[in-house]
Amino acid sequence: MDFPFSCKALFRADIIVMMIPKIDPDKCIGCGNCEEVCPAVFHLNEQLGKAEVMDPEGCEFAGCCEAAAENCPEEAISLEEGE
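Being a predicted model, the structure only gives us computed values, none of them experimental.

Undergrad: Help me understand the environment of Cys-59 in this model?
TA: For Cys-59, the location among the structural elements is in helix H3 (residues 59-62). Judged by relative accessible area, which is 11%, Cys-59 ranks as buried. The spacing of Cys-59 and Phe-42 is 17 residues in sequence and 10.0 Å in space, taken between C-alpha atoms. Beyond its immediate chain neighbours, meaning those up to four positions away, Cys-59 contacts Met-19, Pro-21, Val-41, Cys-65 and Leu-79.

Undergrad: Would you mind showing me how to read unusual backbone geometry here?
TA: Excluding glycine, residues mostly carry a negative phi; peptide bonds, for their part, are mostly trans. In the Ramachandran plot, Glu-75 falls in the positive-phi region, its phi being about 55° despite a non-glycine side chain. Here Glu-75 lies in the loop between helix H4 (65-70) and strand E4 (77-81).

Cut-offs and rules
Residues numbered from 1 in each chain as written. Predicted model: local features only at pLDDT ≥ 70, side-chain atom pairs only at ≥ 80, totals over all residues. Heavy atoms only, no water. Helix = DSSP H or I, 4+ residues; strand = E, 2+ residues; numbered from the N terminus. Buried < 20%, exposed > 50% of the residue type's maximum accessible area, 1.4 Å probe, protein only. Contact = heavy atoms within 4.5 Å.

Take a look at the structure:
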């Protein structure tokens with residue numbers, strides 16, 4: 001079967017960007033929305049009363065980090081380019 005493109009070109013390392021979630025502890029109010037939306041990546045530390053990132057590379061597989069950031073009422077979650 002012939003394809004009009006090279007499969008290798010679809011997976012070029014220079015166009016794949018992994019997003020790493022960061023939580024600003026000064027903004028986080030510990031509401032738990034992020035954990036509810038994306039439990040594979042976020043965890044609410046009840047002792048601290050703040051959310052934590054359990055698996056920074058989990059966004060690639062979980063696919064819910066953007067939704068967690070959008071659902072944060074204090075905009076405490078940012079997604080930054082990883083390596």
